[in-house]
Each structure stands twice: as structure tokens, then as C-alpha cells.
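What the coordinates show
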Amino acid sequence: MTIAPATENSRPRPRASVETLNMSHRHQETEVVSGKDSAKEEPEEMPLPSDPKVIFLGGLFALALLATAWLAGEIVLPLAFAVTLKLLLQPILRLMERLRVPRMLAALLLILALFGTIVGLGAAISGPAGTWAAKLPEGIPRLQERLSFLRGPIKTLQHFLQQVENIGATGARQAAPASAGGPTLLATLFAGTRSFASGLFTTVLFLYFLLISGDIFLRRLVEILPRFSSKRQAVDISQQIESDISAYLVTITIMNAAVGIATALVMWLTGVGDPILWGTVAFLLNYAPILGPALGVVIFLLVGLLTIDTLWQALLPAGLYLGIHLVEGETVTPMLLARRFTLNPVLVILSLVFWFWMWGIPGAILSVPMLAITKIICDRVRPLTALGHFLEG
């Protein structure tokens, strides 16, 4: 089929679509390849906001976003998880669309497969987990005997914390009932996960409609933006976020699965038993940077002390798990992700602590993807380029 050429006056100018912007962006990239060498010689200046009003309003906007995330956590947290899972599942969804599977059916199949896997793993580890929970009361005296050298420091720490808790709380304690006690460590640790557990249906609902919507929000944004350069920038940012974060999540998931398999093999070889249970625990804990592996070392140390009689053999499960994590977290994963983006490790730790404080364990899992999305946006919005450079590792 042939299309007759039209003059400028014979038909209205079409609106810029996402595909047109992609073609234009690729054409401009080929034009500037020859000038890359000269651009590398002189680094581009990063503009800094000089107007105090802009800095003040930007700070207020950031505080408003954080306050909204805190107050509306029951809605914002499932939405953030749904967006993250959408980025993880987007490559598989595109592959299924190429195989002529309808988008609605593909989204439904992906969600069923995802949560079916979660339910299957839960059913597989529920029996061994129940067995270990039944063993725990009998094993506490054994742990106390083997960790007797820590009894003095633990009592000193407990006494110190009790003294700190007593400061300024005398009146409150007199008014409180005698049987009332403070929150336990387990309740404090998982307090931030209650909103996520209660909002599981909301997460699934958000995820399904995000998957079937496709690029509709990007197309509407492109239609609204007035300038062609702004349209192209919006498409570039969206594609870069999807590409980088999807690659990050897929890489992390594959590496976590490798850590889980290696840990399961270690638990089987060292005689701890229940490799599926401990492999699943290692797989899940590795999603939380720093915090998860540290908790895993403690868990496998206690499990080894409960299971194995010889002391040096009892330390093997925790030591080998730590070695697996060091190889994966310090060598393999950084090497695979270095081409995509690098983040400042200090800011990664600060982000982890902050989002764990705000949302608990789900916040710790989402901390790195949210920091990476922030860096990608800052790198491509000129007034925020300096902030993106500050976030770089």
C-alpha cells in the first residue's frame, strides 16, 4: 500500500507519539556520536539552584511527599510494591505479548504464577518450620549453656536499657497496670509489616491494573506536555527507569535464588537438615540489603548451635552462609550491575535505615529500587543533575 505525500497545509500536524519520540531520540543520538570525544574532554557543568525560594519550595515538597508516605502508608506501600513488581514482570509480559497472548490474560497468568509460587513455597516450608518451632523450647537450655560466656554482657546491656527506660517514666509506670509490659523485639521488628500484610489484596489489585494499562499514563503525559523536548525527555526517563530497574530486579532475583540454592546445599552438607526451609529463608532475607544477611548469620548461628554438638562444626553453617553472601554481594552482583548504575553505599545504608524505620521490612526491600529511580530521574532532569551526581557511587 502506498501513501500519497501531503503538504503542510493539506493536513493537520499529528501529535507526537511515544514511537515517534523514540525514533527522533535515536536519530539525534546518531548525530552526536561524532562529538562524544570532544564532550568527554570538558565535563558538562552541573547547574545548582541559586534561588532560595526554589530550594525552600523543593524542601517543602519533599517533606510533603514523605509525610504523605507516612500517613497514607496503607495505600502508598501497596502501590509502591505493585509498581516494583510491575517493573519486575514487565519483560515477561512483553515476551508473552510477542507470543500473541492477550495482555489481560497474560497479566492474570503472571499474577497467578507469582502468588502461586509464594503459596507453594509457604506450604513446602510450613511443615519444617513447625518442627523447628516445636524444638525451640527444648533447645533454649542448650543455647543458654553454649552461650554462657555472653550472659554477663547481656545482663549488663539489659540493666543499661532498663535504666534508660526508667528515666522520666516513673509517673507513667505508676499509672500503668502492673501486668502491662513493653513491646517485644519481635513485635517491634515486624510492626511495619502489618499494613503490607493487610494490604495484600490492594497490592494485587494495583499490580493487575498496572500490568494491563501498559504505557497509557506515559502516552497521556506525552500528549499533555507542551514542548517536543519535554515529551522526548519524559519518554527517555520512563524507558530508562523500566530498563534499569527491571534489569536490577531480575538480576537480584536470580542472584537471590542462587544464594538460596547454595545455602540449602550447605545446610544439607553440614547436617542441619531441611534444606528447602533454609534455602527459602536465605532467598527471602537477601532482598533486604545488609539487614537481611545480618539476620541470616544470626539465624544460622543459632541453628548450628542447636543442631551440631561440636563447636567448630556448629559455626560452619553461619560461616559458610556469610562467605556465600560476601561472594554474591561484594563481587558477583556489583559486577553485573556496574554497567547499569552505581549508588553511593553510604546513601544506600541511610535509605535502608530510613525506609525500614518508616515501613519496616517492606521499606527495607524497596529502599534500593526507590533510590535508583530517584537517581535516574535526577540524571535526566537538568536542574537536578547535581543531586544525581551526588547519589552516584
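What you see is a predicted model; the values in this text were computed from it and never measured. (Residues numbered from 1 in each chain as written. Predicted model: local features only at pLDDT ≥ 70, side-chain atom pairs only at ≥ 80, totals over all residues. Heavy atoms only, no water.)

Here we take up the overall build of the protein. Counting secondary structure elements, the protein contains 19 helices and zero strands. When the 393 residues of the protein are sorted by exposure, 32% land in the buried category. Restricting to contacts in the protein with at least 6 residues of sequence separation, those with at least 24 account for 74%. Per element, the accessible surface of the protein, about 25100 Å² overall, is 69% carbon and sulfur. (Helix = DSSP H or I, 4+ residues; strand = E, 2+ residues; numbered from the N terminus. Buried < 20%, exposed > 50% of the residue type's maximum accessible area, 1.4 Å probe, protein only. Contact = heavy atoms within 4.5 Å. Areas by Shrake-Rupley, 256 points an atom, 1.4 Å probe, with all protein chains shown as cover.)

As a further point, take helix 13 (residues 275-285). Of all 11 residues in helix 13, eight are buried, a share of seventy percent or more. Listed as buried for helix 13 are Leu277, Trp278, Gly279, Thr280, Val281, Ala282, Phe283 and Leu285.

This part covers the pattern of salt bridges. Following the criterion strictly, the structure yields four salt bridges and no others. Residues Arg220 and Glu223 are paired through a salt bridge, measuring 3.7 Å at the closest nitrogen-oxygen approach. Taken together, the residues Arg220 and Glu223, both in helix 11 (residues 216-224) and three residues apart, mark about one turn of the helix. Residue Glu223 is classed as partly exposed on the basis of its relative accessible area of 33%. Where Lys375 meets Asp379, a salt bridge forms, and the shortest distance between an N and an O atom there is 2.6 Å. (Salt bridge = Lys/Arg side-chain N within 4 Å of Asp/Glu carboxyl O.)

On to unusual backbone geometry, then. A positive phi angle is found at Arg100, which is not glycine, with a value near 65°. Looking at the element boundaries, Arg100 is found in the loop between helix 4 (73-98) and helix 5 (103-146). Note on Arg100: relative accessible area 76%, which makes it exposed. Of note, the phi angle at Ile290 is positive, near 65°, even though the residue is not glycine. Within the fold, Ile290 resides in the loop between helix 13 and helix 14 (291-307). The class of Ile290 is partly exposed, set by a relative accessible area of 47%.

The next subject is the environment of Leu315. Position of Leu315 relative to the elements: it lies in the loop between helix 15 (311-314) and helix 16 (316-337). Residues Leu315 and Val303, 12 residues apart in the sequence, show an inter-C-alpha distance of 9.4 Å.

On to the side chain of Gln90. Inspection of the secondary structure puts Gln90 in helix 4. Dropping the residues within four chain positions of it, Gln90 is found in contact with Leu211 and Glu242.

Let's shift gears to the packing of aromatic side chains. Throughout the structure, instances matching the rule amount to eight aromatic pairs. Judged by centre distance (5.8 Å) and plane angle (70°), the rings of Trp278 and Phe300 are edge-to-face. Of this pair, Trp278 sits in helix 13 while Phe300 is found in helix 14, placing the two residues 22 residues apart along the sequence. Comparing Trp278 with Phe300, the two get one shared label, buried. (Phe/Tyr/Trp six-rings, centres within 6.5 Å; stacked < 30°, edge-to-face > 60°.)

Turning to the environment of Ala314, a few remarks are in order. Along the chain, the position of Ala314 falls in helix 15. In this structure Ala314 comes out as buried when scored by relative accessible area, which is 0%. Considering only alpha carbons, one finds Ala314 and Gly304, 10 residues apart in sequence, at a separation of 4.4 Å.

Moving on to a nonpolar patch on the surface. Residues Phe56, Leu57, Leu60, Leu63 and Leu66 make up a contiguous nonpolar surface patch of about 500 Å² in total accessible area. By the secondary structure assignment, Leu57 is in helix 3 (residues 52-71). (Patch = residues over 30% accessible without salt bridge, like charges linked within 9 Å, V, L, I, M, F, W, Y side chains within 5 Å.)

In this section: the environment of Phe354. Checked against the element boundaries, Phe354 lands in helix 17 (residues 345-359). The class of Phe354 is partly exposed, set by a relative accessible area of 27%. The sequence separation of Phe354 and Ala364 amounts to 10 residues, and the corresponding C-alpha distance is 8.2 Å.

Read these as layout, nothing more, since geometry by itself doesn't imply function.
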